[in-house]
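Chains, contacts and geometry: an overview
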Amino acid sequence: MDNTESFGARVGHCALWEKVKEGHVHLITNEDIQELFHAFDVYDPSEKISTSDLVRLCSVEGTYLTAEDIGEWIKDSDVDGTGEVGIMDVHRGITEGTAAFSLVKRALFGQEKEHKLSECSIHELLGWMHYEYDKKSKLWSLPETLFLFTAFIIGAVLHLNVWEAFKSSRAYQYALTYGDFALEWVVDRDTFWKWVYEGWLRNILRHHMVSFIREVDPDQDVLKTNPFPGRVLKTHQIIGAVRFRRWYAVGTACLSGNMWKDLYSQCPMHGELMPDDWYIFYHESYEVIQEQIQERAENFWLDDHTRFLDVQTFSYNAHQAMFTLDNLRLEFREAGYMIHRDGKRETFADSPYYNLWLAIPDLIFAVLLWNVFYGEMKELVPAAMNGLDGIKDYLKLWNVIDWIAIGFGFTTLSFWMVFVLKVSGELPEVLKPLPSNALDRAVFTNRSYLTSEEFDSVVDRFDFERQVAEIFRCAEEVAESHVVARRLIFVYLFILMLKFFKAFGSNDRLDIVIKTITGSAVDVAHFALAFALVFVCFAGSGMLLIGTTFEGYHTIPSALYFRWAENVEMDDIEGFEPWFQVLAYFWFFSYLSLMSILMINILVGLIFEAYGRIRSAAGEPETLLEQVGEAVENLKETKNFIDMWYLICELEDDDFPAHPAELVTIRSLKKAFSKDRMTKQNAEYLIESASRWAKKQEHNVELSVTDGVRMIGQTRTNVNKLLVLSEQVNAMLRKFHSKRTESEGGDWLSMYGAAQHEIQQEAATKTEESDPLAASPARRKHKVSEMQQKSREELMFYQMRNRFSDMISMTQEQTKLLEFISQSIGARQESIVEKDNWGRQKTAVLTDRCEKIEINIGKLSECLKGVDPGQLRGMPDKLKEFAQKVHAWQVEDSNPRSSSKLDHMAMLQHQMDSISQDVAQISAATKAKADIAKALQHVKPLIDQWCGATTARLVKTPSRFTEDSSDASPRMVQTWTGFTSFDAQDDAPDEVR
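In this text, all values refer to a predicted model and were calculated from it rather than measured experimentally.

1. Some details on the state of the cysteines
In protein structure, a disulfide is the covalent linkage between the sulfur atoms of two cysteines. Within the structure shown, the criterion is met by 1 disulfide. With a sulfur-sulfur separation of 1.7 Å, Cys-254 is cross-linked through a disulfide to Cys-267. Negative torsions about the S-S bond denote left-handed disulfides, and the value of about 125° found for Cys-254 with Cys-267 makes this one right-handed. In this pair, Cys-254 is assigned in the loop between strand 7 (252–253) and strand 8 (266–267) and Cys-267 in strand 8, connecting sequence segments 13 residues apart.

As structure tokens, this is what we get:
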């Protein structure tokens, strides 16, 4: 027992364990291992010990090594498997083996926890459950989102029928743009009427099939060439009529200068806009329509108040089963010219569900969307039962995106159903009473288009215009609802894209996309700021440079767009003056080199750098198919288990957690959910999975910035030390070489020893110069004698390691000294700051008091204006003299034989009146503004009270008064105000006191 305690004490005193504790395995030397061998009673450096002796270290406390560390140490030391190790073997095992890595990692990240498959902490269990639930939910959301996306895309393509809508739009574009007079030539009112005559009328109505390649033949049957009235390009049937809607302004005062107000008192194109409709009926003859157009042109229907003109055509194509509402808008600009916008054209199906099979994608989409809603409610309800904290824990980014997808999906469905109800119900009801059949019959009966009289004989023109106006109103509402539905579908595709990003997080290979975006987000955001500033400068300079002559650069938004599109080419600049071309070329080439080449490549480099970093860190993760296979097997295994989200909510309940204890075992977990009848297999699966996950997370070590700096600093220090040692070895070899060249015949070992001895002497001299506490020469000589016993090679390595250790010790001492100096300087600075703050506070208080004194002095000087100083100075003397007289009268009146009491009282009253007059004069002089006047006015009542009390005592108790007369007399007290006051005795009345 004593031997064991002695062994443990000897091992515990070894310097080796302090370095093991700090993880500084690179500082462990052979001397430290030799000291450990001494604890095993082995003093010969060449002698070896058995590996079983090292096992005894497991029973010694204070080694900071676990049994696993000692086992790894022994394994790395006994490489040959002989069962015996020496000093060099043990040193190599503790500094270069697996145990060394464990010690360094433990120093950086703490002691590793021992994980058991039968228990875990509540935090590890919740961490794994969150990780597992999020991963599985993301994985199963991938096929769900894929089916949802597929059903949505199929429904959108079938219902919107974009290809057919494009063909109808192209037909109107050809009919409105081309002709004898093209639409692009319209710049003012005169050219507009010319376009209506020679372009629009011939291409849209085409009563006589007149165009720029076909002339009018009066003898030809018009219905033979164009047998169906009101057909645009023979397929698009005009409904009712074509409407020309003019939007005119009421006119307001111009914002011109004073000198122009007489000429331009009112601007007719400003103010509130009002509509004015004109209908052209395609059943009327070509000549009648020409007369109407001529009449409108001659009567200036498009006057100066006109802001917009909408040429609206509502048609139906039976081949496509689609309606088209075309709205060609012409804008009259304040500068005097006109532009046209033909983009407001909407084509939609007459019956979206003419075939019930078309409703299948919509039903699938609605069912899938309802399934997403049901899944989110299953998560939200248990979370809401935990209160506000549970809802906060639930509302994560991907859950919010799911709710946005649910809400936006149902909103899109609602607007689509509104459109379906309008186009299938309201629009046909509005079209029913339209008398188009009667007008068509009249045209076919007459074999010609109708005159105005014939048209009026068939229908009431006013009533027909009212019906057509109602049709256009309904058509505009239907088209607007269709536009809203299309825009919602457009936005919803991006929401589904976000749901795909959520699903990508389930697989490490797919998650690289998300991690690349998030990993480069900060750099890209900073780059975008610089890019946006430079780009805005180029767009603004382009607007200032060519905005007055080049279309697209006349406003900041359009300049930003067209600069991004880079639509300015070299040919566009050649038409300017030479000096202007220089500026334009500089602007063009500087943008090309700086933005298009340099900054775009920087952006691409940032993204690729993030992708490469994240891809290399991901390693070789499992594929999506492998993960799906594992998920299916896991689903079969856990199909009868309790829902994991329910368990998470119960365990995270802040008020009543299901398992409040920190340590979770299979038994305790099963007991916590006994009411839910949790099986043993369920509990074992949860605990074992959480324990494995926690152990895996500990191996995924991530260095912080502090740890990285620490390791870099240690590496740099070691490299510097190795460089110093290398220089010493190099110097030693140079001296050895020089010695050898001088005496080639000598013994090279003796020459090497001489060179080594000189190097040692130089190092010792430097040590004595730098360290006055260096070892004595005798001690150094003894150390050299011990070194000489070793071989030459071992001596060299020994010296190198000693130098290395000395440098480490000096560095540590310097670090401690720097820390002490830094702490001292910091404490001194804190003391200086504290004293400075105290001085500032005292200065502020003193300044405040001085300001108050100055204010009071000013008030006192105001109060004492007009006061006689001499009279004021004499007042204390008068009071003192009066008090002395009173005292003398008291002594005299105390004599019973005195007969002059009444005379004394009269004189006292006279003196009091005199003092009162003086006080009144002083008060009048100060105009009753000061507290001094009030104080002087109080003198008389005090004297009256005191004298009255004195007279009463003289009358009632003359004998007592005589005895106490010496003590009852008032004392004169000089106060801080400079005035004399009476100090009454204790038997005086309270008022006198």
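2. Brief notes about the packing of helix 8 (residues 122–160) against helix 24 (residues 624–637)
Packing of helix 8 against helix 24 brings their axes to within 11 Å, and their N-to-C directions diverge by 115°. Here helix 24 runs roughly perpendicular to helix 8, going by the angle between their axes. At the point where helix 8 passes helix 24, the crossing takes the left-handed sense. Here Glu-132, Lys-135, Lys-136, Leu-139, Trp-140 and Leu-142 of helix 8 lie close against helix 24, whose contacting residues are Leu-624, Gln-627, Val-628, Ala-631, Val-632, Asn-634 and Leu-635. Grouping the amino acids of the contact of helix 8 with helix 24 by side-chain chemistry returns 8 nonpolar, 2 polar and 3 charged.

3. With respect to the UniProt feature "transmembrane region" (unreviewed entry) in the protein
Sites flagged by UniProt as "transmembrane region" (unreviewed entry) map to residues 145–163, 354–374, 395–419, 488–504, 524–546 and 584–608. Secondary structure content for residues 354–374 is 71% helix and 0% strand, and the end C-alpha separation is 31 Å. With 100% helix and 0% strand, the stretch residues 524–546 has end C-alpha atoms that lie 31 Å from each other.

4. Concerning helix 13 (residues 360–385)
Its 26 residues place the ends of helix 13 37 Å apart at the C-alpha level, agreeing with the 38 Å of an ideal helix rising 1.5 Å per residue. What helix 13 keeps buried is the set Pro-361, Asp-362, Phe-365, Leu-368, Leu-369, Val-372, Glu-376, Glu-379, Pro-382 and Ala-383. Residues of helix 13 that are buried sit in contact with helix 8, helix 14 (388–394), helix 15 (397–431), helix 18 (461–504) and helix 25 (644–651). Positive backbone phi, approximately 90°, marks Gly-387, located one or two places after helix 13.

5. Re empty space enclosed by the protein
Under the definition given, this model contains 7 cavities of 30 Å³ or more. Empty space within the largest cavity amounts to approximately 160 Å³. Every residue lining the largest cavity is counted, 13 residues in all, and those nearest its centre are Phe-152, Ala-156, Asp-362, Leu-413 and Ile-489. If you list the elements that add at least two residues to the lining of the largest cavity, you get helix 8, helix 13 and helix 15.

6. Some details on unusual backbone geometry
For Asn-161, which is not glycine, the phi torsion reads 50° and is therefore positive. Looking at the element boundaries, Asn-161 is found in the loop between helix 8 and helix 9 (162–177). Under the relative-accessibility criterion, Asn-161 is labelled partly exposed at 27%. At Arg-677, a position not held by glycine, the phi torsion is positive, near 55°. For Arg-677, a relative accessible area of 74% translates into the label exposed.

7. Structural notes on the pairing of strand 11 (residues 322–332)
Counting buried positions over the 11 residues of strand 11 gives 10, a clear majority of the element. Relative to strand 11, strand 10 (residues 306–317) is paired through 10 bridges, and the arrangement is antiparallel. Pairing of Phe-314 across the sheet is with Leu-325, part of strand 11. Between strand 10 and strand 11, which pair antiparallel in sequence order, lie 4 residues; one of them, Ala-321, sits at a positive phi of approximately 55°. As paired strands, strand 11 and strand 13 (residues 345–349) are joined by 5 bridges and run antiparallel to one another. Across the sheet, Phe-323 pairs through a bridge with Phe-348, a residue of strand 13.

8. Some details on the nonpolar core
Across soluble globular proteins, nonpolar side chains have a tendency to be buried as a group. In terms of nonpolar packing, the biggest core is built from 45 residues, with Phe-314, Phe-348, Phe-365, Phe-464, Val-468 and Tyr-492 touching the most fellow members. Within the residue set of this core, elements represented by two or more residues are helix 8, strand 11, helix 13, helix 15, helix 16 (436–446) and helix 18. For this core, the element with the most residues is helix 18, which contributes 13 residues. For Phe-464, the residues in contact, after removing those within four places along its chain, are Gly-240, Phe-281, Leu-434, Pro-435, Leu-439, Phe-455 and Val-459. Trp-193, Trp-195, Val-242 and Tyr-282 belong to the second-largest nonpolar core, a separate cluster that totals 34 residues.

9. Section: the packing of aromatic side chains
Inspection of every chain in the model, using the stated rule, returns 33 aromatic pairs. On the numbers, 5.8 Å between centres and 85° between planes, the contact of Phe-365 with Tyr-492 is edge-to-face. Highlighted residues: Phe-365 in helix 13 and Tyr-492 in helix 18, separated in sequence by 127 residues. For the pair Phe-365 and Tyr-492, a shared accessibility class is recorded, and that class is buried. An aromatic cluster is present here, built from Phe-192, Trp-193, Trp-195, Trp-200, Phe-244, Trp-278 and Trp-301 joined pairwise through their rings. Residue placement shows Arg-329 over the ring face of Phe-308; its charged tip is 4.6 Å from the ring centre.

10. Points about a nonpolar patch on the surface
Together, Phe-490, Val-491, Phe-494, Met-497 and Leu-498 give the surface a local cluster of nonpolar side chains, amounting to about 430 Å² of exposed area. Residue placement: Val-491 occurs in helix 18.

11. Digging into the packing of helix 15 against helix 18
Two elements in contact, helix 15 and helix 18, have axes whose closest approach is 8 Å; the angle formed by their N-to-C orientations is 160°. Between helix 15 and helix 18, the angle is such that the two are roughly antiparallel. Between helix 15 and helix 18 the crossing geometry is left-handed. In terms of residue class, the contact of helix 15 with helix 18 is made up of 24 nonpolar, 5 polar and 8 charged.

12. Quick word on the pairing of strand 12 (residues 338–341)
Direction of pairing for strand 11 relative to strand 12: antiparallel, over a ladder of 4 bridges. What sits directly across from Glu-331, in strand 12, is Ile-339. The loop that links strand 11 with its antiparallel partner strand 12 comprises 5 residues; one of these, Gly-336, has a positive phi angle of about 110°.

13. Looking at helix 5 (residues 67–77)
Among all positions of helix 5, only Asp-69, Ile-70, Trp-73, Ile-74, Asp-76 and Ser-77 are buried. Burial along helix 5 is one-sided: seen end-on, the buried residues are contained in an arc of 165°. In helix 5, the exposed positions that point more than 90 degrees away from the buried face belong to Ala-67, Glu-68 and Lys-75.

14. Examining the environment of Ser-118
Of note, Ser-118 is situated in the loop between helix 7 (98–109) and strand 3 (119–121). You can call Ser-118 partly exposed: its relative accessible area is 39%. The spatial distance from the C-alpha of Ser-118 to the C-alpha of Val-664 is 8.7 Å, given a sequence separation of 546 residues. Other than its neighbours up to four places away in sequence, Ser-118 contacts Val-664, Thr-665, Ile-666 and Ile-687.

15. Some thoughts on a negative patch on the surface
Negative charge collects at one region of the surface, where Glu-287, Glu-291, Glu-295 and Glu-298 lie side by side. Among the structural elements, Glu-291 can be located in helix 12 (residues 286–298). Owing to a relative accessible area of 54%, Glu-291 belongs among the exposed residues under this scheme.

16. Remarks on the side chain of Asn-203
Mapping Asn-203 onto the fold places it in helix 10 (residues 189–205). Using a relative accessible area of 9% as the deciding quantity, one classes Asn-203 as buried. Within the local environment of Asn-203, its side chain forms a polar contact with the backbone oxygen of Ala-175, the two atoms lying 3.1 Å apart. Those residues in contact with Asn-203 that lie beyond four places of it in its chain are Ala-175, Tyr-178 and Gly-179.

17. Observations concerning the side chain of Asp-78
For Asp-78, the location among the structural elements is in the loop between helix 5 and strand 2 (84–85). In this structure Asp-78 is buried but unpaired, with Arg-92 as the nearest side chain of opposite charge at 7.6 Å. Among the polar contacts listed, one links the side chain of Asp-78 to the backbone nitrogen of Thr-82, at a separation of 3.1 Å.

Thresholds, definitions, all that
- Residues numbered from 1 in each chain as written.
- Predicted model: local features only at pLDDT ≥ 70, side-chain atom pairs only at ≥ 80, totals over all residues.
- Heavy atoms only, no water.
- Disulfide = S-S within 2.5 Å.
- Helix = DSSP H or I, 4+ residues; strand = E, 2+ residues; numbered from the N terminus.
- Axes fitted to C-alpha atoms, helices over the stretch in contact; angles between N-to-C directions.
- Parallel < 35°, antiparallel > 145°, perpendicular 65-115°, else oblique.
- Left-handed = near helix turned anticlockwise from the far one by under 90°.
- Contact = heavy atoms within 4.5 Å.
- Nonpolar A, V, L, I, M, F, W, Y, C, P; charged D, E, K, R; others polar.
- UniProt positions renumbered as here; feature names shortened; annotations may be inferred.
- Expected span 1.5 Å × (residues − 1).
- Buried < 20%, exposed > 50% of the residue type's maximum accessible area, 1.4 Å probe, protein only.
- 1 Å grid on protein atoms, 1.4 Å probe; cavity = no way out; pocket = protein on both sides within 12 Å on 5 of 7 lines; lining within 4 Å.
- Points joined across faces, edges and corners; volume = space filled by probe spheres on them.
- Pairing = 2+ DSSP bridges.
- Core = buried A, V, L, I, M, F, W, Y, C linked by side-chain atoms within 4.5 Å.
- Phe/Tyr/Trp six-rings, centres within 6.5 Å; stacked < 30°, edge-to-face > 60°.
- Lys NZ or Arg CZ within 6 Å of the ring centre and 35° of its normal.
- Patch = residues over 30% accessible without salt bridge, like charges linked within 9 Å, V, L, I, M, F, W, Y side chains within 5 Å.
- Areas by Shrake-Rupley, 256 points an atom, 1.4 Å probe, with all protein chains shown as cover.
- Salt bridge = Lys/Arg side-chain N within 4 Å of Asp/Glu carboxyl O.
- Arc of directions from axis to C-beta.
- Lys, Arg positive; Asp, Glu negative; His and termini not counted.
- Charge placed at Lys NZ, Arg CZ, Asp CG, Glu CD.
- Polar contact = N/O pair within 3.5 Å; in protein donor to acceptor, adjacent residues only side chain to side chain.

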